[in-house]
Amino acid sequence: MRALFLIMISLAFIQCKKQVPPFGVEYVSVEKASELIEQNKKMKVIDVRTEEEATEGKLEGAIVIDVRKDDFQDQIDKLKKDDVYLVYCRSGSRSATAVEIMAEKGFDRLYMMEGGYLEWADKMK
């Protein structure tokens, strides 16, 4: 019984961690992401999926930097830390990892699109 309780508490903490963005990161819906892109023409859009996934469709003007590649951090280091970025992936998991890495590197104007490209394609097309 105690083991079950500890597992439940651990799962609760894991869920909380996913829902609380790192400092400087705001999680936004696809609708809000669309508004932000429209309002801020200088915003950089980063697609952290694979090149193959991006060929199936991506947000207009998005830069593809695969978060699972070994050179992800090197690619991120080439970006200006004071620009505004919207980061997305397929469904939201990889982009959460990407913005966490970016926040740790000093980027403090980050938006992560919840639901990823799947939700974008479903709601915005």
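Data block above holds the structure.
Calculation rules
Residues numbered from 1 in each chain as written. Predicted model: local features only at pLDDT ≥ 70, side-chain atom pairs only at ≥ 80, totals over all residues. Heavy atoms only, no water. Pairing = 2+ DSSP bridges. Helix = DSSP H or I, 4+ residues; strand = E, 2+ residues; numbered from the N terminus. Contact = heavy atoms within 4.5 Å. Axes fitted to C-alpha atoms, helices over the stretch in contact; angles between N-to-C directions. Phe/Tyr/Trp six-rings, centres within 6.5 Å; stacked < 30°, edge-to-face > 60°. Lys NZ or Arg CZ within 6 Å of the ring centre and 35° of its normal. Salt bridge = Lys/Arg side-chain N within 4 Å of Asp/Glu carboxyl O. Buried < 20%, exposed > 50% of the residue type's maximum accessible area, 1.4 Å probe, protein only. Expected span 1.5 Å × (residues − 1). Core = buried A, V, L, I, M, F, W, Y, C linked by side-chain atoms within 4.5 Å.

### A short note on the sheet that holds strand S2 (residues 44-47)
The strand order across the open sheet formed by five strands is S1-S5-S4-S2-S3, and the pairing between neighbours is parallel. A single partner strand is all that each edge strand has here, and the edge strands are strand S1 (25-28) and strand S3 (63-64). Pairing geometry for S1 and strand S5 (residues 110-113), over four bridges, is parallel. Bridge pairing in S5 places Glu-26 opposite Tyr-111. Along the sheet face, helix H5 (residues 93-104) touches S1, strand S4 (85-88) and S5 and points at about 170° away from the line of S5.

### Concerning the packing of aromatic side chains
Taken as a whole and judged by the stated rule, the model has two aromatic pairs. Over the ring of Tyr-117 we find Arg-49; its NZ or CZ atom is 4.7 Å from the centre of that ring.

### Regarding the environment of Val-99
Within the secondary structure, Val-99 sits in helix H5. Counting along the chain gives 76 residues from Val-99 to Phe-23, while the straight-line C-alpha distance between them is 9.9 Å. Residue contacts for Val-99: discarding those within four places in its chain leaves Val-25, Val-87, Leu-110 and Met-112.

### Looking at the pattern of salt bridges
In the structure shown here, the tally under the stated rule is seven salt bridges. The residue Lys-41 makes a salt bridge to Glu-38 at a minimum N-O spacing of 3.4 Å. Each member of the pair, Lys-41 together with Glu-38, is exposed. Between Asp-83 and Lys-44 there is a salt bridge, with its nearest N and O atoms 3.6 Å apart. With a gap of 39 residues between them, Asp-83 in the loop between helix H4 (72-77) and S4 and Lys-44 in strand S2 connect regions that are remote in the sequence. Residue Asp-83 is classed as buried on the basis of its relative accessible area of 17%. Classification of Lys-44 by relative accessible area gives partly exposed; the value is 32%.

### Examining H5
In this model, H5 (twelve residues) spans 17 Å end to end at C-alpha, consistent with the 16 Å of a helix rising 1.5 Å per residue. Here the buried face of H5 lies against S1, helix H3 (51-55), H4, S4 and S5.

### Let's talk about the pairing of S2
In the sheet, S2 pairs with S4 via four bridges, with the strands oriented parallel. What sits directly across from Lys-44, in S4, is Tyr-85.

### What about the side chain of Arg-94?
Here Arg-94 is to be found in helix H5. Residue classification places Arg-94 among the buried residues on the basis of a relative accessible area of 11%. Those residues within four positions of Arg-94 in sequence are excluded, and the remaining contacts are Val-48, Arg-49, Thr-50, Glu-53, Val-67, Arg-68 and Cys-89.

### Focus: the nonpolar core
In terms of nonpolar packing, the biggest core is built from 20 residues, with Val-48, Phe-72, Leu-79, Tyr-85, Val-87, Met-102 and Leu-110 touching the most fellow members. At the level of elements, S1, H4, S4, H5 and S5 are the ones that each hand at least two residues to this core. The dominant element in this core, judged by the number of residues it contributes, is H5, at five residues. The contact partners of Val-87, leaving out residues within four places of it in the chain, are Ile-46, Val-48, Ser-95, Ala-98, Val-99, Met-102, Tyr-111, Met-112 and Met-113. Leu-36, Val-45, Ala-62 and Tyr-111 belong to the second-largest nonpolar core, a separate cluster that totals 15 residues.

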